[in-house]
Each structure stands twice: as structure tokens, then as C-alpha cells.
Amino acid sequence: MSSRYYITTPIYYVTDAPHIGHLYTTVAADIMAHYHRMLGQEVWFLTGTDEHGQKIQKKAKETGETPQGLADRVVQRYLEAWKVYGIEYSDFIRTTEERHKKVVQHFIKKLMDSGDVYLGSYEGLYCIPCEAYCTETQATEGKCPDCHRPVEKLREESYFFKMSKYVAPLLKHIETHPDFILPESRKNEVLGFLKGDVKDISISRTTIDWGIPMPADPKATKNHKVYVWFDALTNYISALGPLDKNPKYEQFWPEAIHVVGKDILRFHAVYWPTFLMALGLPLPKQIIAHGWLTDSNRKISKSLGNAIDPIALSKEVGVDAMRFFLFREFVFGQDGEYTKEIMYQRINADLANDFGNCINRVTNMIPKYMGSNAIDVDSYLKESSELKTVALEAVPLAQKEMETFGFQRALENIWKLVSGVNRYVENNAPWTLAKSTDPKDKQKLEQVLIHCHESLRIATLFLTPFIPSSAKTAMKFLGTEWDLSHPAPLKTQLTWGAGPKAVTVTKSSPLFPRLEIPKE
């Protein structure tokens, strides 16, 4: 395992406020950043906003703002949402920043000088919302194959990038790095595209004013702006300061993991790697493509008018409940149908009835039956129990799933331990054992409670990246706080008996009160 971990989200368009789809991607990256910090790695987590292009220019005209004014206003909505959700990013990049623009222009100039970017003209069908050309075959009934909105015929002088030149090297890289694109189904999509008729792509626009200027060229007859996708993708490197000899570039770029939605996979898994190959730069370590959250089998998005406000959701069900729901309910990489009913059922069943109830029961029974002083737990944990068996089997499986963004399956394994605590309590009835005068029953009572406590310590520790605030509170109740400023390796701490040798448990209040499903 490398000592460093670099994870990115896509940078989001500032045409409108963040929605649940943006939240899904960003919390996924935040969970992984948090998890790897707990593993003891040095983490760099990048997110930000994409602020150039025809879409932004058009939206600003509609709202009566300058494009920069629109960007400045909407960026605040993203910063507010990520603050509410406790997103602990290391850097927030905006493509209108000078540190970004100079890297984009440096890279484009390098490609022009090498001949991998050349001047020509282009005629084709163009989708303004996606800022991408498509062929007649792709544009069924005159609509974009990605967003299904009308395309326009466009002819313009354009610079082209020799993408076709790098198809064979990229295919070889994917074949020799089987985990370069995950999940497997998305990798197969990319391979299918690369084995087709891949053409050189247009890399500049003359029809927009709002963008980064192409380097001066006496052969050009018009003013060209850099294609928004070349501009946007460069953020993953520009944020690391490669032209300023910033050590972060050398330290973190080799570890880059891009988390993206499946709809922008081609840009990340074909365009971006071929740009990098042409520039003579290393490729990212991994590209992880997740599915869509859907509403009646339609993607939830601003463009379709069914967007859901993350801040409103945080007020309705709670920040940690929302963070948990998204990754307990849906398999990362597949589409998932979102409804309020599904959300409330999952939160109530898993957080209120299971986890929250377990913490409440155990942290109230231990002071009641064992006293409020510090308890030496070591001797109890050496004994065997069904909970110990579950922990030894399920936790390593959960850790393995986290290596490949298998959030749902990881939590499924942890829930074997959480639900096991409730079952263990019911089967052993501590309240009955407490009434017995037999010393063996007293010893059994204490072992039952401490084994429940240890199971919850492990489960809570694992859940910390998912529900950071609630997990911290639960740890206080359990008397086993985790100090991130001096982290012991998480994998060691998740081992049975690896926690504090003595604990002082305090009576808890409900972590997740049961939610009432609102009537529509």
C-alpha cells in the first residue's frame, strides 16, 4: 500500500445548484478519503467547479449576469452544501483561476508544438448541453445520444487532437492494467468504443467567448477558445501545481483515482488518457465509474427537471443518515432507484432500529449492570462467542470490499455484526442474568455485555467515514474515542480486542430517532 492517496471528483458545472447526483459522487470520494486517512495514509482529495463553455455563457445571458458573476454565485452553493455534509476536501479548484488557466495553455501549446494538435475545419452535429459533437448515426431523430436533447449542425474552423494516434497504446494500457477502469462492465464499454472507428477530435471552439484562449497562431483566421473538456480534465493536474515545481504533483499524481458518473466515463477513460499520453505524462492510477440515481428509471439531473436539493434532504433526514443511505442502499457502479419511501425505510431499519438501538441498549446496560467506573475488558474478550466469530469473518471481507469501492457489500458485512449484537442480546437476555444470584450467570452477563461492546466498537470505527459525526458521538458513549490526529492503522484497530484495555461507558441518548414518513 502506498503511503499516499489521491482521489478526485469531477468538477461540476456552475449552471445551477448542486443536486443529489453531485452529492452521491462527492460523498463517495469523501468516504474513501476519510477511510484512507484512518489507514494512516497521506490523503489529497480534490473537488471543484467547471466554469467555462457555451452552456455557462448561455445560462448567464438568460439570468442577466456575466459568466463570471454566475460562476461566483453558484460556487457558493457548492461550498455551502459540502460544508453541511462535512466534506473534508484538501483543495477546491475553479477553472477560472489563473493557476488552472496557465497549465491548460501550457499543455495545449506543447501539443501544438509536437503536432498532436493541428488546425482544420469541422462540420457535424453538436449538443450544446453536453458540449460535444456526435455523428448522424449516434443522433437518433436528431437528438444527442447522451442527454437526448436536440443537436445543431455546426461548421467551424477548429483545432484537432490526434486521438486516433493513441488508441493502440491506450488499449494496451487497459489490457495490462485490469483495474484501470472499474467496474468491469464500464471497462468493457470503453474497450468497445476504442475498438471502433475512433477519429481525431475537435479541441477548440470559435462560437464562444467564455473560455481559455488558444495560444496565438498566425494560421488561424478566428479567435479560438480551448474545448471545455480539455480545459476541465486538466484540473486534476493543474490543482497540484506542476508548473510551479510543487512537490504535490510528484507525490500525488501517480496515485490519482478519478471517481465519475458513467455518463462522463468516455471523457475520463479515453480523452483524458490520450491527452496525457500525447503530453508524455503518466496516466491516472484508476477511473471508477458509478451508476445513476434514478427516478422512475430516469436519471436524476438538473437538465431533466427532477433534481433534488441535498441541503433540503439534510434538514429532512439528517446529514449522516443521508450519507449512509446512499451507500447502504445502492451498489456503486449500478443504477439505483431513489424514492423517499425507500430512503425512510432504510434509515429507520438500519440506523434507528439496528445501529442506534444497539448503541443505546448496550451503553445503558453496561453502567446499569457493571457500574460506571472504568472496566478492564481484556480478559472478557479472550473468551469465544458467536459475535467474536462474526467479527473475525465479516470485518476482513468489509475491508476487502472497500479496496474496490464496494460500499454496499462492505456495509452488508458490517451489518452482520450490528444485527448480530441485537440478536445476541435477545438470546442471552442480560436483564434475566442480572437477577440471578449464581456467580456463573454474573460472569456470563459481563461477558455478553463486553462482547456486545467490542462488536459495536468495531462497527462504529468502520462506519466513521460514512457517518462521521454520529460515529464520533457513539464512540464517546462507548468510551473508545478515535483520535484522527494520531491515527493507529485502522486495519489493526478493527481487529477483535485491539481497542482500549479499559473503557468507561456512559449512558447514551438515541443517535437516530425514528423518522415518520411524510404523507405526500
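In case you missed it, the structure is sitting above this.
If you're wondering where the values come from, they're calculated on a predicted model, not measured in any experiment.

Rules used throughout
Residues numbered from 1 in each chain as written. Predicted model: local features only at pLDDT ≥ 70, side-chain atom pairs only at ≥ 80, totals over all residues. Heavy atoms only, no water. Buried < 20%, exposed > 50% of the residue type's maximum accessible area, 1.4 Å probe, protein only. Helix = DSSP H or I, 4+ residues; strand = E, 2+ residues; numbered from the N terminus. Arc of directions from axis to C-beta. Contact = heavy atoms within 4.5 Å. Axes fitted to C-alpha atoms, helices over the stretch in contact; angles between N-to-C directions. Parallel < 35°, antiparallel > 145°, perpendicular 65-115°, else oblique. Left-handed = near helix turned anticlockwise from the far one by under 90°. Pairing = 2+ DSSP bridges. Disulfide = S-S within 2.5 Å. Expected span 1.5 Å × (residues − 1). Polar contact = N/O pair within 3.5 Å; in protein donor to acceptor, adjacent residues only side chain to side chain. Right-handed = clockwise from strand over helix to strand, strands pointing away. Phe/Tyr/Trp six-rings, centres within 6.5 Å; stacked < 30°, edge-to-face > 60°. Lys NZ or Arg CZ within 6 Å of the ring centre and 35° of its normal. Salt bridge = Lys/Arg side-chain N within 4 Å of Asp/Glu carboxyl O.

> So what about helix α2 (residues 54-63)? Which residues, and what values?
Because an α-helix completes one turn every 3.6 residues, residues spaced three or four positions apart along the sequence face the same direction. Taken together, the buried positions of α2 are occupied by Q54, I56 and A60. Buried residues in α2, looked at end-on, bunch into an arc of 165°, giving them a common side. Of the residues in α2, the exposed ones pointing more than 90 degrees away from the buried face are K61 and E62. Where α2 is buried, its residues touch β2 (12-13), β3 (42-50), α3 (67-84) and β5 (117-127). The first or second residue beyond α2 is G64, which carries a positive phi of 70°.

> Please set out the packing of helix α13 (residues 340-370) against helix α19 (residues 468-478) residue by residue, giving values where relevant.
Helix-helix packing is described using two parameters, namely the angle between the two axes and the distance between the axes. Orientation of α13 relative to α19, taken along the N-to-C sense of each, is 20°, at an axis distance of 10 Å. Viewed along their axes, α13 and α19 adopt a mutual orientation that is roughly parallel. The element α13 and its partner α19 pack so that their crossing is left-handed. Together, F355, I359 and T363 of α13 and A474, F477 and L478 of α19 make up the contact between the two elements.

> Explain the pairing of strand β4 (residues 91-94) residue by residue, including any values.
Side-chain alternation along β4 places D91 and I93 on one buried face and F92 and R94 on a second face that is also buried. Two elements, β3 and β4, share four bridges in a ladder whose sense is parallel. Paired with T49 across the bridge in β4 is R94.

> Which residues make up the packing of helix α6 (residues 184-194) against helix α10 (residues 265-279), and what values go with them?
Put simply, α6 and α10 touch, their axes get as near as 10 Å, and they point 55° apart. Viewed along their axes, α6 and α10 adopt a mutual orientation that is oblique. The crossing of α6 and α10 is right-handed. Facing R186, E189, V190, F193 and L194 of α6, the residues of α10 in contact are L265, R266, A269 and V270.

> Break down the sheet that holds strand β16 (residues 336-337) for me, citing the residues and quoting the values.
Strand order across the open sheet formed by three strands is β15-β14-β16, with mixed pairing between neighbours. A single partner strand is all that each edge strand has here, and the edge strands are β15 (298-299) and β16.

> Could you give an account of the state of the cysteines, naming the residues involved and the relevant values?
If you walk through the whole model with that rule in mind, you get zero disulfides. We note that C127 lacks a disulfide partner, and the nearest cysteine sulfur, in C147, lies 3.6 Å from it. Since its relative accessible area comes to 1%, C127 is described here as buried. With no disulfide of its own, C134 has C144 as its nearest cysteine by sulfur position, at a separation of 5.7 Å. The exposure class of C134 is buried, given its relative accessible area of 7%.

> Describe helix α18 (residues 439-463), listing the residues and the values that go with them.
The first and last C-alpha atoms of α18 sit 36 Å apart over 25 residues, in line with the 36 Å expected at 1.5 Å per residue. The element α18 is largely enclosed, with a buried count of 19 among its 25 residues. Between the side-chain oxygen at the start of α18 and the backbone nitrogen of K440 there is a gap of 2.9 Å, and the oxygen is on D438.

> Describe the pairing of strand β13 (residues 286-290), with residues and values.
Taking burial as the measure, the five residues of β13 include five buried ones, the bulk of the element. By the alternation rule, side chains of β13 split into Q286, I288 and H290 and I287 and A289, which are all buried. Sheet topology places strand β8 (residues 181-182) next to β13; two bridges connect them, and they run parallel. If you follow I181 over to β13, its bridge partner there is I287. Note: strand β12 (residues 256-261) against β13, five bridges, orientation parallel. Across the sheet, V259 pairs through a bridge with I288, a residue of β13. Once the chain exits β12 it traverses α10 before rejoining the sheet at β13, and the crossover so formed is right-handed.

> Outline the packing of aromatic side chains, listing residues and values.
Scanning the entire structure with this criterion turns up 30 aromatic pairs. With 6.1 Å between their ring centres and 0° between their planes, F161 and Y166 make a pair best called stacked. Of the two residues examined, F161 and Y166, each falls in the buried class. Seen in terms of ring centroids, F332 and F405 are 6.1 Å apart; in terms of plane orientation they differ by 20°. Their pairing is stacked. Placement of F332 in the loop between α12 (319-329) and β16 and of F405 in the loop between α15 (386-402) and α16 (407-428) is noted, with a sequence separation of 73 residues between them. Sitting over the ring of F252, R4 keeps its end group 6.0 Å from the ring centre. Note that K262 overlies the ring of W292, its terminal NZ or CZ placed 4.4 Å from the centroid.

> Can you tell me about the sheet that holds strand β9 (residues 201-202), naming the residues and giving the values?
Across the sheet, which stays open at both edges, the four strands sit in the order β6-β5-β7-β9 with antiparallel pairing between neighbours. Lying at the two open borders of the sheet, with one neighbouring strand each, are β6 (132-134) and β9.

> Can you tell me about the pattern of salt bridges, naming the residues and giving the values?
Counted by the stated rule, this structure contains 29 salt bridges. For E88, the salt bridge goes to R37, with nearest N and O atoms at 3.5 Å. A residue pair is termed long-range when its members are at least 10 positions apart, and E88 in the loop between α3 and β4 and R37 in helix α1 (residues 20-38) qualify at 51 residues. Under the relative-accessibility criterion, E88 is labelled partly exposed at 42%. Its salt-bridge partner being E255, residue K285 comes within 3.1 Å of it at the nearest N-O pair. Linking K285 in the loop between α10 and β13 with E255 in the loop between α9 (247-252) and β12, this pair joins segments that are 30 residues apart in sequence. Exposure remark for K285: the relative accessible area of 46% places this residue in the partly exposed category. Ionic contacts of the salt-bridge type, sharing partners, join the residues R328, E329, R346 and D350 into one network.

> Describe the environment of K340, and please don't skip the residues or the numbers.
With respect to the helices, strands and loops of the structure, K340 is situated in helix α13. Residue K340 is classed as partly exposed on the basis of its relative accessible area of 31%. For the pair K340 and H52, spaced 288 residues apart in sequence, the C-alpha separation works out to 35 Å. Within the local environment of K340, its side chain forms a polar contact with the side chain of E316, the two groups lying 2.9 Å apart.

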